[in-house]
Amino acid sequence: MSKKKTPPKKAAPSKSSAKAKNVAKKPVKAASKPASKKPQPPKAAPKPVKKPAPKPVKKAAKPAPKAAKKPVQAKKAPAPVKKAAVPPAKKVAPTAAKAPAPAKKAVKPAPQPAAKPLPKPAPTPTPAAKAPAPKPAVAAAVPAPQPAPAPVVEAPAPAPAPPPKPEPVKSAAKSSAPAPGPTKSGALFYDSHMHTPLCKHAWGEPEEYAQQAIKAGLKGIIFTCHAPMPNGFWPTVRMSESEFDTYVALVQRAAAAYKGKLHVCLGIESEWFPGYEDYIRQLHERVEFDYVLGAVHWQAKEYLAKFESGTIENFRRIYFDHLAKSAETGLYDCLAHPDLVKNYHPDSWCFAIIKNSVATCLDRIAATGVAMELNTSGLNKSYSEMNPGNEMLRMMAERKIPIVVGSDAHRAQRVGEHFVTALNNLTEAGYEHVSYFQKRQRIDLKISDVLASLKKAADHNA
Ligand SMILES: [Zn+2]
Ligand SMILES: [Zn+2]
């Protein structure tokens, strides 16, 4: 993997880059499929989709004015999911024996024509796409008609016109939708961060993740696999552009299989890297996501090559500046593992040294209304602590930044892992509510209710 070489100059992040990897974390332990001890790309790609052609994307109708989060997409691009892309439906967990995916022409994410970022995919007329079909063919029978949160009306402010007055951006930014109630089993909460084998460093079929979620007492899960990026940007840890439709179909397959038992939703962990905003924006409009999780991955060799200079603290400050910048793009609902950079030379991580920079970063994020994630997988990383740590969590709570909890599971057994601890950490940090997203609308729940629901539902399903 590229990270092997990431540590170019610095001492030797070998250790950090190797394990700190949110991405490419070494196999935690014997997973159900011992097959490969080594993070071997389990290419589970059900089938090689052959059309990398950038889908017709709705023209950026979105202004992405900082501060004001998008006012909920009005209409979706004709979600071009290829009807044929749906992977084998029935097989609910044949994982291990996953047929050695046809050694598709490697990871090459179909180099876009242009040698530079922002491949403006010209609205290619898709076969039948033009039809008003608001939903991907496959979707039809999928997403449980669940809690379609009422079309909350929020301060849109779509017009890029310069706001006449500095309104209280924060509250206007993103209001929450009414929270649906618990299921019969008492389940109420969602795990909002997990992956699929398409990213080449996650194991297990989506249905296995769903099964684990039920055991964990969850009401739903949101898949947020690593989004494709153009021009060969760190291709070894993400689906290729041509696999995007397969990804959507994969999640929809699981959603259909678990309909009525668990709400399986579609999200995406979308890389933020300066200069790629147009590409990212268009990607987000390709289908109707429930949740778009922004992520700044310092481990990308492209990131290190461009920003790793100066002192370690300087690098970390740059990271936090980028975190705020990513929120200010208006492209994301939430920011993943917000202090991931503590795994860069974890032995020297010292929050006190950069606390002021973090405070500035959080002030900026708070002004956008974008939520932040409490990622429980941090406990498995080189700097063993959830992301973010408790001190930063308190600073986030002080600024009333909405918080979402995610396991960042790359293996089914991690779904919902450490959620009780996470929720207790939130309470100690000063939070009273925790959130998740549906149709890109935030839904807030009382932490006390969530805690009670996890136990109740888990017992019920035991
Ligand atoms: Zn990540
Ligand atoms: Zn990952």
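Residues numbered from 1 in each chain as written. Chains lettered and ligands numbered in written order. Predicted model: local features only at pLDDT ≥ 70, side-chain atom pairs only at ≥ 80, totals over all residues.

### Describing the overall build of the protein chain
When you go through the protein chain residue by residue, the secondary structure sums to 11 helices and 10 strands. Out of the 462 residues in the protein chain, the part that is buried amounts to 53%. Contacts in the protein chain between residues far apart in sequence, at least 24 positions, make up 83% of those at least 6 positions apart. (Helix = DSSP H or I, 4+ residues; strand = E, 2+ residues; numbered from the N terminus. Buried ≥ 20, exposed ≤ 12 C-beta atoms within 10 Å, placed from the backbone. Contact = placed C-beta atoms within 7 Å.)

### Observations concerning helix α11 (residues 447-461)
Counted at 1.5 Å a residue, the expected span for α11 with its 15 residues is 21 Å, and the 21 Å between its end C-alpha atoms agrees. Looking at α11, one finds that the buried residues are I447, V450, S453, L454 and A457. End-on, the buried residues of α11 take up no more than an arc of 110°, which puts them together on one face. Projecting away from the buried face of α11 at angles above 90 degrees are the exposed residues S448, K455 and D459. (Expected span 1.5 Å × (residues − 1). Arc of directions from axis to C-beta.)

### Focus on the packing of helix α3 (residues 206-215) against helix α4 (residues 244-257)
Two numbers describe how α3 lies on α4: the axes approach to 9 Å, and their chain directions differ by 45°. Regarding the angle of α3 to α4, the classification is oblique. In this structure, the crossing between α3 and α4 has a hand that is right-handed. On the side of α3, the interface is formed by P206, E207 and A210, while α4 contributes L250, V251, A254 and A257. Of the residues assigned to the contact of α3 with α4, the class counts are six nonpolar, no polar and one charged. (Axes fitted to C-alpha atoms, helices over the stretch in contact; angles between N-to-C directions. Parallel < 35°, antiparallel > 145°, perpendicular 65-115°, else oblique. Left-handed = near helix turned anticlockwise from the far one by under 90°. Nonpolar A, V, L, I, M, F, W, Y, C, P; charged D, E, K, R; others polar.)

### Here we look at the nonpolar core
Within the largest apolar cluster, 109 residues are counted, with the highest numbers of intra-cluster contacts made by I221, I365, I403 and L426. Counting residues per element, this core draws most heavily on α4, at nine residues. Aside from chain neighbours lying at most four places away, what touches I365 is A324, A327, L335, V370, M372 and I401. (Core = buried A, V, L, I, M, F, W, Y, C linked by C-beta atoms within 7 Å.)

### Overview of helix α10 (residues 419-429)
All buried positions along α10 are accounted for by F419, A422, L423, N425, L426 and A429. When α10 is viewed along its axis, its buried side chains cluster within an angular range of 155° and face the same direction.

### As for unusual backbone geometry
Omega for the bond connecting N387 with P388 falls within 30 degrees of zero, at 0°, which places this linkage in the cis form. Here the phi dihedral of H418 falls at roughly 60°; this positive angle occurs in a residue that is not glycine. One can find H418 in the loop between β8 (403-406) and α10. With 20 C-beta atoms packed within 10 Å, H418 lands in the buried category.

### A short note on the environment of Q413
Within the secondary structure, Q413 is located in the loop between β8 and α10. Using a count of 19 C-beta atoms within 10 Å as the deciding quantity, one classes Q413 as partly exposed. C-alpha of Q413 to C-alpha of A216: the two residues are 197 residues apart in sequence and 9.7 Å apart in space.

### Let's talk about the packing of helix α9 (residues 390-398) against α10
At a minimum axis distance of 8 Å, the contact between α9 and α10 shows a crossing angle of 55°. In this view, α9 runs oblique relative to α10, as classed from their interaxial angle. Viewed along their axes, α9 and α10 form a crossing whose handedness is right-handed. Side by side, α9 and α10 meet where N390, L393, R394 and A397 of the first sit next to N425, L426, E428 and A429 of the second. Of the residues contributing to the contact of α9 with α10, the split by class is four nonpolar, two polar and two charged.

### A word on the pairing of strand β10 (residues 441-446)
Both faces of the sheet carry side chains from a regular strand, because those side chains alternate between them. Of the strand pairs in this sheet, strand β1 (residues 176-177) and β10 are connected by two bridges, and their pairing is parallel. Bridge pairing in β10 places A177 opposite I443. As paired elements, strand β9 (residues 433-438) and β10 share six bridges and run antiparallel to each other. The partner of H433 across the bridge, within β10, is K446. Hairpin connection between β9 and β10: a loop of two residues separates the two successive antiparallel strands, and K439 in this loop has a positive phi of roughly 50°. (Pairing = 2+ DSSP bridges.)

### So, the confidence of the model for the protein chain
For residues with low pLDDT, the predicted coordinates do not support detailed interpretation. Model confidence for the protein chain is summarised by a mean pLDDT of 74, while 62% of its residues fall at 70 or above. Contacts for the low-pLDDT stretch residues 1-173, under 50 throughout, to residues beyond four places or in other chains number 295 contacts. (pLDDT = per-residue confidence, 0-100.)

### A short note on the environment of S176
Summarising the element assignment, S176 is placed in strand β1. Sequence spacing of S176 and R440 is 264 residues, and the spatial spacing of their C-alpha atoms is 9.9 Å. With residues near it in sequence (within four places) discarded, S176 still touches S435, R442, I443 and D444.

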